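# Close look at the chain arrangement
For reference, the chains in residue letters:
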Amino acid sequence: MQLKNPILGLCQQSTFMLSAAKVDQCPDDEGFEVAFAGRSNAGKSSALNTLTHASLARTSKTPGRTQLLNFFKLDDERRLVDLPGYGYAKVPIPLKQHWQRHLEAYLGSRESLKGLILMMDIRHPMTDFDLLMLDWAVASGMPMHILLTKADKLTYGAAKNTLLKVQSEIRKGWGDAITIQLFSAPKRMGLEEAYTVLANWMELADKGSDEAE
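As a starting point, this report considers the structure included with it. Because the structure is a prediction, the values reported are computed rather than measured. (Residues numbered from 1 in each chain as written. Predicted model: local features only at pLDDT ≥ 70, side-chain atom pairs only at ≥ 80, totals over all residues. Heavy atoms only, no water.)

### What about the pairing of strand β3 (residues 69-73)?
We apply this condition: Each residue is placed in one exposure class: buried if its accessible area under a 1.4 Å probe, protein chains only, is under 20% of its type's maximum, exposed if it is over 50%, and partly exposed if it falls in between. Helix numbering and strand numbering both begin at the N terminus, where a helix is a DSSP run of H or I of at least 4 residues and a strand a DSSP run of E of at least 2. A pair of strands is considered paired only if DSSP assigns at least 2 bridges between the two.
Across the five residues that make up β3, a large majority, four, are buried. Pairing analysis gives five bridges linking strand β1 (residues 15-20) to β3, with the strands arranged antiparallel. Across the sheet, the residue bridging to F16 is F72, located in β3. For β3 and strand β4 (residues 78-82), the ladder comprises four bridges, and the chain directions are antiparallel. Looking at the pairing, K73 lines up with R79 of β4. Turn length for the β3-β4 hairpin, with the two strands adjacent in sequence and antiparallel, is four residues.

### Details of the sheet that holds strand β5 (residues 113-121)
Put simply, the rule is: Note on geometry: axes are lines fitted to C-alpha atoms, helical ones only across the stretch in contact, with angles between N-to-C directions running from 0 to 180 degrees.
Here we have seven strands laid out as an open sheet, ordered β1-β3-β4-β2-β5-β6-β7, and mixed in their pairing. Across the chains shown, the open sheet's two edge strands, defined by having one partner strand only, are β1 and β7 (179-182). Here the average twist between neighbouring strands, direction ignored, is 25°. The sheet contact formed by strand β6 (residues 144-149) and β7 spans four bridges and is parallel.

### Section: helix α5 (residues 156-174)
Let me state the cut-off plainly: Expected span, for any helix, means 1.5 Å times one less than how many residues it has. The arc under discussion is defined with respect to the helix axis, by the directions toward the C-beta atoms. Here, two residues are considered to be in contact whenever any of their heavy atoms come within 4.5 Å of each other.
Over its 19 residues, α5 extends 26 Å from the first C-alpha to the last, a length consistent with the 27 Å expected when each residue adds 1.5 Å. Listed as buried for α5 are A159, T162, L163, V166, I170 and W174. An end-on view of α5 places all buried positions within 105° of arc, on one side of the element. For α5, the exposed residues lying more than 90 degrees away from the buried face are N161, K165 and K172. Buried residues along α5 sit in contact with α4 (128-140), β6 and β7.

### As for the pattern of salt bridges
Pairs can form between side chains of opposite charge whenever their charged atoms are close. This is how it is decided: Within this document, salt bridges are pairs made up of a side-chain nitrogen of Lys or Arg and a carboxyl oxygen of Asp or Glu, the two lying within 4 Å of each other.
As enumerated under the stated definition, the model contains 11 salt bridges in all. The salt bridge involving D75 is made with R78; its shortest N-O contact spans 2.9 Å. With a relative accessible area of 8%, R78 lands in the buried category. Each of D29, E33, R79 and R110 takes part in one network of salt bridges that share partners.

So this is what it looks like as structure tokens:
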């Protein structure tokens, strides 16, 4: 019997918690957190809004508006985090350095961070920022799942080819631990796959079959 993914209900009732400019302003470091990262124009806010069925993350005509760590509550133990976008935002260098410093502090210190969803625009994958995030995830042993966003901008064949090419590049450079999929917010493509990853990381998946660890 097909059971409904338990993350679905939580995502549908998600609410904004708080914005933090520094790590010491973040919620208590307990429970389960999944962070969303990506270049400022990679469709991060759209992906978050589609996954949560809500307009939690602000989409903007000007990429790079997410300048804080934004926390969204799923339940008392579980949160999604929208990380500052990089690589495109026209902001003063000192502000960029501030984000960089606090983002690194957040990524390096949060015990409750269980995984990182990295958004890449399928038309411009594997940017310098993406490579940095891949290096960091592998070096720190952080689970990472990649959404190749805006997959609707290519034909299905071209999107599939890009997926296979990027997958092969990642395997060669970073090993098999990082997973990847196609995603389109407007077409609602790839939602099931993304929900399954979130449910596993947040320990919501059905544990009946693997009790013996």
